[in-house]
Amino acid sequence: MTLCEVLAKLDTFFRAGLVQNFPYFSCFAYSYFRKYFLNRLKEEIPKPIRISEELKIKLWGITFRTPLFNAAGMFKDGRGYQLAYSQCAGAFLAGTVTPNPKVGNFRKCILHPFVPYPFSGASSNWLGLPNPGYKKVIGFLQQISKVEDFPIGLSFASDGDSHADLEVLCNVLKDAERYNIDFIELNESCPNVNHGNLHHTRLDEHFIWRLEYVATNFLKKRRRNLPVILKLSNDFPEELVPNLLDIITEMGFDGINFGNTSTNYNFLKSYIVEAEQRTFAYFTTVFGGGVSGAPLKEKSYSLTKYATEYLRTKNIKQEFYVIRTGGIKDYRDLEESKQQSVALFQWFTGYFENFAKFGHTLYRKFFEI
Ligand SMILES: Cc1cc2nc3c(=O)[nH]c(=O)nc-3n(C[C@H](O)[C@H](O)[C@H](O)COP(=O)(O)O)c2cc1C
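No experiment lies behind these values; they were computed from the predicted model shown.

### Remarks on the site of the ligand
Logical step 1: Taken together, 26 residues lie near the ligand, and A71, G73, S292, F348 and T349 sit nearest.
Logical step 2: Looking at the shell around the ligand, the elements that each hand over two or more residues are β8 (122-125), β13 (290-293) and α12 (349-358).
Logical step 3: Split by residue class, the shell around the ligand holds nine nonpolar, 15 polar and two charged.

### What to know about the sheet that holds strand β10 (residues 183-187)
Logical step 1: What the eight strands build is an open sheet, ordered β3-β15-β14-β12-β11-β10-β9-β4; its pairing is parallel. Every other strand in the sheet has two partners, leaving β3 (68-70) and β4 (92-97) as the edge strands with one partner each. Neighbouring strand axes in the sheet, compared pairwise and without regard to direction, differ in orientation by 25° on average.
Logical step 2: Examined bridge by bridge, β4 and strand β9 (residues 152-156) share four bridges and lie parallel to one another. Residue pairing across strands places L93 opposite G153, the latter belonging to β9.

### Overview of the sheet that holds β13
Logical step 1: One open sheet accounts for three strands, arranged β7-β8-β13; its pairing is antiparallel. The open sheet has two free edges, formed respectively by β7 (114-117) and β13, since each of these has just one partner strand. Here the strands of the sheet are splayed against their neighbours by 20° on average, with no regard to which way each runs.
Logical step 2: Bridge count between β7 and β8: four bridges; the pairing is antiparallel. The residue bridging V115 from the neighbouring strand is S124, located in β8.

### Some thoughts on the nonpolar core
Logical step 1: In terms of nonpolar packing, the biggest core is built from 96 residues, with F92, I184 and I256 touching the most fellow members.
Logical step 2: Counting residues per element, this core draws most heavily on helix α5 (residues 163-176), at six residues.
Logical step 3: Among all residues touching F92, those that are not within four sequence positions of it are F69, F75, G80, Y81, A84, F150, I152 and G153.

### A closer look at helix α9 (residues 277-286)
Logical step 1: Of the residues making up α9, those classed as buried are T279, F280, F283 and T284. Take α9 and look down its axis: the buried residues cluster within an arc of 125°, on one side only.
Logical step 2: Against α1 (3-21), α2 (23-43), β7, β8 and α8 (265-269) lie the buried residues of α9.
Logical step 3: Immediately downstream of α9, the backbone of G288 shows phi near 85°, a positive value.

Reading guide: rules and limits
- Residues numbered from 1 in each chain as written.
- Predicted model: local features only at pLDDT ≥ 70, side-chain atom pairs only at ≥ 80, totals over all residues.
- Near = placed C-beta within 6 Å.
- Helix = DSSP H or I, 4+ residues; strand = E, 2+ residues; numbered from the N terminus.
- Nonpolar A, V, L, I, M, F, W, Y, C, P; charged D, E, K, R; others polar.
- Pairing = 2+ DSSP bridges.
- Axes fitted to C-alpha atoms, helices over the stretch in contact; angles between N-to-C directions.
- Core = buried A, V, L, I, M, F, W, Y, C linked by C-beta atoms within 7 Å.
- Buried ≥ 20, exposed ≤ 12 C-beta atoms within 10 Å, placed from the backbone.
- Contact = placed C-beta atoms within 7 Å.
- Arc of directions from axis to C-beta.

What follows is the structure, encoded as structure tokens:
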């Protein structure tokens with residue numbers, strides 16, 4: 001067993017008691033432990049695991065080894081490609097990265113607040129997009145010895161909400177075309193930044209203007225095959241999905257990902273077990289933040305189902321795919337959505353739950369039907 005496999009197993013004995021009884025201390029401890037753990041994990045290179053070739057899927061001319069890979073935020077600084085490859089993930093998604101470095105959020109002596117709700121299969125985070133900035137991350141990505149059929153994605157967000165911020169973002173996106181990334185995810189859904197609104201849950205003029213800006217200044221000027229997926233929140237209203245899809249397919253986006261964390265605390269509360277309610281109330285009151293994991297499962301399922309159903313009625317010129325993120329934990333989640341033509345899947349909370357059980361063999365176990 002590797003160090004991280006041991007730590008993840010040991011943690012399962014402590015985390016329930018900590019989270020149930022010590023709201024502040026569990027936020028403090030897990031915010032720091034999570035970072036230590038991730039940094040160690042990225043250094044672990046297990047023996048490469050093989051799973052069925054039949055799981056390979058080709059989208060936009062890019063081959064993904066399986067339809068499942070990490071959600072953005074796990075490999076923020078671009079390190080972890082070898083780990084993800086060895087575990088047999090479908091792809092490697094780095095970021096979210098912003099044009100300039102971001103320190104992230106700090107409150108009550110906690111840098112990058114995070115807490116798990118183990119019995120509820122969920123977590124809260126108020127990290128605030130900490131990252132070393134585009135230049136550093138693209139630098140790390142350039143050092144990767146790329147493996148065939150194991151693509152690299154990079155998640156981007158703007159530094160802020162102004163015209164100037166979008167201009168900088170588009171310059172960085174254009175620059176990224178020169179490097180070894182295969183696809184881009186545009187994060188327009190982070191609820192944890194205080195520079196204006198990135199958590200779009202309405203199709204208002206400002207949001208459409210942002211998308212239009214990226215379309216005109218980047219999407220339409222691309223010089224090579226570099227698909228761009230738009231990542232929105234799982235809080236995005238279902239009734240606006242058709243309108244959204246009309247707009248973004250016309251603009252030239254290549255996919256939609258539902259999605260990011262939720263801030264709909266009243267709704268989410270009902271998914272948190274009684275014993276973890278106190279810590280949930282503490283975190284959401286003191287930090288706010290976005291909720292991940294099991295409480296998002298139904299929303300991500302229905303939003304992506306609705307999107308694929310609508311796309312079937314449309315005659316779209318380009319290859320356009322729907323990606324599901326939120327509450328993915330086992331193969332059944334993926335199977336249900338695959339029947340609806342959802343093409344790709346990302347996981348974050350479920351990844352760590354499965355890592356605690358299966359260690360580095362987690363992808364193989366996931367696909368062992
Ligand atoms: C600690 C943490 C950090 C995250 N950072 C990012 C990020 O940088 N960019 C992003 O698009 N989503 C980020 N997310 C959201 C996840 O990518 C994912 O959309 C969300 O957790 C729902 O998936 P899950 O239910 O499988 O966890 C983060 C989530 C967590 C828990």
